[in-house]
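Chains, contacts and geometry: an overview
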Amino acid sequence: MAVPETTAISRQQITAASAVHRGPAQTAKQPARQPAQTAKQAARQPAQPTRPPAVEIARLRKAYGPLVAVDDVSLTVAEGEIFGILGPNGAGKTTTVECATGLRTPDAGTVRLLGLDPHADRDRVHEIVGVQLQAGALPAKLRVGEILTMYRSFYRDPADAGDLLEALGLAAAARRGDYYGSLSGGQKQRLSVALALIGRPRIAVLDEMTTGLDPRARRDAWALVEAIRDRGATIVLVTHFMEEAERLCDRVALIDRGRVAALDTPARLAAQARGGKTVRFVPSAPFDDRLLTELPEVARLDREGQQVVVTGTGELVNAVIMTLAAAGLTARGVQLDSSSLEDAFVRLTGQPVEGAIA
Amino acid sequence: MSALSLSRPLRPRGTASRATPKSAAFGQIVLNEARLTWRRPVVLVAGVGAPVVLLVIFGELPSFHKATAALGGFTAFDLYVPILTVFSLAMLALLGLPLPLASYRELGVLRRLSTTPVPPSWLLTAQGIIQLGIALASLAIIFTISVTAFGAPVPKSPAGLTLALAISAVGLFPIGLTVAAVAKTANAASVIGRLAFFPLMFFAGLWLPRALMPNLLQDISNYTPLGAAVQAIQDSILQGFPPAAPLLVLAGYALVFAFLAKRFFRWE
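All of the points below concern the structure found in this document. (Residues numbered from 1 in each chain as written. Chains lettered and ligands numbered in written order. Predicted model: local features only at pLDDT ≥ 70, side-chain atom pairs only at ≥ 80, totals over all residues. Heavy atoms only, no water.)

To continue, consider the packing of aromatic side chains. Counted according to the given criterion, the structure contains twelve aromatic pairs over all chains. Their ring planes at 15 degrees and their centres at 4.9 Å tell us that Phe 58 of chain B and Phe 64 of chain B sit as a pair that is stacked. By the burial criterion, Phe 58 of chain B is buried, and Phe 64 of chain B matches it. Through a chain of ring-to-ring contacts, three or more aromatic side chains come together here, namely Phe 87, Phe 197, Phe 198 and Trp 207 of chain B. Arg 303 of chain A extends its terminal NZ or CZ atom over the ring of Phe 287 of chain A, reaching a point 4.8 Å from the ring centre. Between Arg 105 of chain B and the ring centre of Phe 265 of chain B, over which it is positioned, the NZ or CZ distance is 5.2 Å. (Phe/Tyr/Trp six-rings, centres within 6.5 Å; stacked < 30°, edge-to-face > 60°. Buried < 20%, exposed > 50% of the residue type's maximum accessible area, 1.4 Å probe, protein only. Lys NZ or Arg CZ within 6 Å of the ring centre and 35° of its normal.)

Below, the structure is given as structure tokens:
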């Protein structure tokens, strides 16, 4: 499932468009982020042996009777990381995070959260880990503010309720004194996120955080997740929105049939799925193939009627457009096909993304 | 983002203050439980409103104020004061307590709470406090109205009455907790609570005061929780310090059902 993107011809616009484009090829992550490690590297040598990783799951297994929900999951999440857990329905994502947060007892394997055992160190873990669960309603006849004030009182160093309500777009509902029962599905969802974050957790586990949110609310929730990460928290995000994983996550684990099918940055997972990306355009005048095939970014060039199809890697679009411009040529009807995380998902799990909307 | 407290850096690990405002958290839980009880006043209507209305109706009936030999020389109204007292206690214990707990489990409130530093058992304790508070208010209303408005006798043994009421509550509340433990949903809790309430109230003498029951029914009634509670409360009002038998029966129910509730209660 490629992401076609038609852009205008001029170089500035191409650059702007590629900056907006959320395809993995651009790897639009700030360089300030910590270097992404592969699971293997992380397991072999933790970044700082004195500081345990935020989340360390080793050989986790959990079955419900004959149904094996989690077969063998191992992963390590570094402090300050936004870590995505993706997978088809029933792949074991939710069971994995439920075991990780101590809500369920695994049949085998170990879980450590900042070095703490979620069962043995229950009290300390609940102080530093905020969990937003997929299911879980609240009493209909409590007001938004009353619920948040109560949950706030559970923690030693909580966030400001007003700030959190503002950031999640619930301030108006709280001011009106809306009852939980009268909230929309999206508002309930956002309140659930607020309850997970009100304790200013060091680790926030968010299960399907943006499911049921409209695009704007989703973007607000993403901004909030980035804000709390920027103050040093670690975020584990269970999601089935590819766009969300590509936009937010430093690394992603694809879980399929209770196992980790792949674990890498969204960009690298996407790159693995297909050998690069493709640019299509119609040149303003004929040119020699070698003009482009000699570029290091370009792997091959095909002509389909008037259209030129260039396949390659790296900053392919920029390289092609700038080279053409230098030769006095312009490109019309530029289309960028880039393999996405979704391609990786489909290829690795052999099934389409659940409820894919994008 | 303007959210200052969200971007405030986290405290370095291990420096969090040990002083937890646990009492503040518990106070917040009780406060919200009280709000919920007030905003959806099913329990207040059934557990306080209904017995008080019955008390006033019985008090207005002239025939209820004639002392009869068949009733041991007491009036029907005298006998209905303890029965309606037990009505109130039983309604609060069998429906008031299990309904919210089963509903919280069904909704996932208890599960959500178990991800916070606050144990879900606090919600149960808070509910117990609320129901006991309602029970105290209800008993105060029932005794005040019956004595001042309808001339019922002042309790002969206030100490005995206090003891009888306390042991009745201790005997009945674990039964409600057991209902909450075995009911999977709030609806199931409501059905089980009602199915238990009406036959038990029969043995308490709601339809036929114990004094008028045939011997066999009276013997059975002595061993039912509500029958024993009525016996203990009635004796402390009309005769003096209650005998040991009904108190021991209630204590026995307390032990058995406390064990069952603990054994079967699930937080999710």
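After that view, the rundown keeps rolling.
Let's shift gears to the environment of Asp 123 of chain A. Residue position: Asp 123 of chain A is located in helix H4 (residues 122–128). With 141 residues separating them along the chain, Asp 123 of chain A and Asp 264 of chain A place their C-alpha atoms 32 Å apart. (Helix = DSSP H or I, 4+ residues; strand = E, 2+ residues; numbered from the N terminus.)

For the structure on display, the rule yields 25 salt bridges over all chains. Glu 146 of chain A is the salt-bridge partner of Arg 39 of chain B, the closest N and O atoms lying 2.8 Å from each other. In this pair, Arg 39 of chain B sits in helix H2 (residues 22–39) while Glu 146 of chain A sits in helix H5 (residues 144–152), so the two residues belong to two different chains. (Salt bridge = Lys/Arg side-chain N within 4 Å of Asp/Glu carboxyl O.)

Core analysis: the biggest nonpolar cluster contains 125 residues, and Tyr 151, Phe 154 and Leu 191 of chain A have the highest contact counts within it. Counting residues per element, this core draws most heavily on helix H4 (residues 76–96) of chain B, at 16 residues. What Tyr 151 of chain A contacts, discounting residues up to four positions off in sequence, is Leu 138, Leu 195 and Ile 198 of chain A together with Val 109, Arg 112, Leu 113 and Thr 116 of chain B. Counting residues in hydrophobic clusters, the runner-up holds 31 residues, among them Val 77, Val 111, Ile 203 and Leu 263 of chain A. (Core = buried A, V, L, I, M, F, W, Y, C linked by side-chain atoms within 4.5 Å. Contact = heavy atoms within 4.5 Å.)

What follows deals with the interface of chain B and chain A. The interface of chain B with chain A comprises 40 residues on the first partner and 50 residues on the second. For the pair chain B and chain A, the summed buried surface comes to about 4200 Å²; carbon and sulfur atoms form 55% of the total. Along the contact surface separating chain B from chain A lie three salt bridges. At the boundary of chain B and chain A, one finds nine residue pairs in polar contact (both at pLDDT 80 or more). Looking at the side of chain B that touches chain A, the elements that each hand over two or more residues are helix H1 (4–7), H2, helix H5 (98–107) and helix H6 (109–113) of chain B. Residue contributions to the side of chain B that touches chain A peak at eight residues, all from H2 of chain B. Counted by class, the side of chain B that touches chain A contains 20 nonpolar, ten polar and ten charged residues. (Buried area = accessible area lost by both parts, 1.4 Å probe. Polar contact = N/O pair within 3.5 Å; in protein donor to acceptor, adjacent residues only side chain to side chain. Nonpolar A, V, L, I, M, F, W, Y, C, P; charged D, E, K, R; others polar.)

Take the pairing of strand E13 (residues 307–312) of chain A next. Residue and element names in this part refer to chain A. Burial analysis of E13 places five of its six residues in the buried class, the great majority of the element. As paired elements, strand E11 (residues 277–283) and E13 share five bridges and run antiparallel to each other. Pairing of Arg 280 across the sheet is with Val 309, part of E13. Bridge count between strand E12 (residues 298–304) and E13: six bridges; the pairing is antiparallel. (Pairing = 2+ DSSP bridges.)

Let us now look at helix H3 (residues 93–100) of chain A. Residue and element names in this part refer to chain A. Within H3, seven of the eight residues are buried, which leaves the element mostly enclosed by the surrounding structure. Of the residues making up H3, those classed as buried are Lys 93, Thr 95, Thr 96, Val 97, Glu 98, Cys 99 and Ala 100. A positive backbone phi angle near 85 degrees is found at Gly 102, which sits one or two residues after H3.

Residues and elements named next belong to chain A. When you line up the elements, Asp 256 lands in strand E9 (residues 251–256). Its relative accessible area of 9% is what places Asp 256 among the buried residues. A distance of 2.6 Å separates polar atoms of two side chains, one belonging to Asp 256 and the other to Arg 257.

This brings us to a nonpolar patch on the surface. Residues and elements named next belong to chain B. Taken together, the side chains of Val 53, Ile 57 and Leu 61 define a hydrophobic patch exposed on the protein surface, amounting to about 240 Å² of accessible area. Relative to the elements of secondary structure, Ile 57 occurs in helix H3 (residues 42–60). Here Ile 57 falls in the partly exposed class, since its relative accessible area comes to 44%. (Patch = residues over 30% accessible without salt bridge, like charges linked within 9 Å, V, L, I, M, F, W, Y side chains within 5 Å. Areas by Shrake-Rupley, 256 points an atom, 1.4 Å probe, with all protein chains shown as cover.)

Time to look at the environment of Ala 253 of chain A. All names here are of chain A. Within the secondary structure, Ala 253 is located in strand E9. Classification of Ala 253 by relative accessible area gives buried; the value is 0%. When residues no more than four places from it in sequence are discounted, the contact partners of Ala 253 are Leu 75, Phe 83, Gly 84, Ile 85, Leu 86, Val 260, Ala 262 and Leu 263.

With that settled, the discussion passes to the packing of H5 of chain B against helix H7 (residues 121–148) of chain B. All names here are of chain B. The geometry of H5 relative to H7 is characterised by a closest axis approach of 10 Å and an angle of 155 degrees between their N-to-C directions. Comparing their axes, H7 and H5 come out roughly antiparallel. Regarding H5 and H7, the two cross each other, and that crossing is right-handed. Along its contact with H5, which presents Pro 100, Leu 101 and Tyr 104, the element H7 presents Leu 123, Leu 124 and Gln 127. Class assignment for the residues of the contact of H5 with H7 results in five nonpolar, one polar and no charged. (Axes fitted to C-alpha atoms, helices over the stretch in contact; angles between N-to-C directions. Parallel < 35°, antiparallel > 145°, perpendicular 65-115°, else oblique. Left-handed = near helix turned anticlockwise from the far one by under 90°.)

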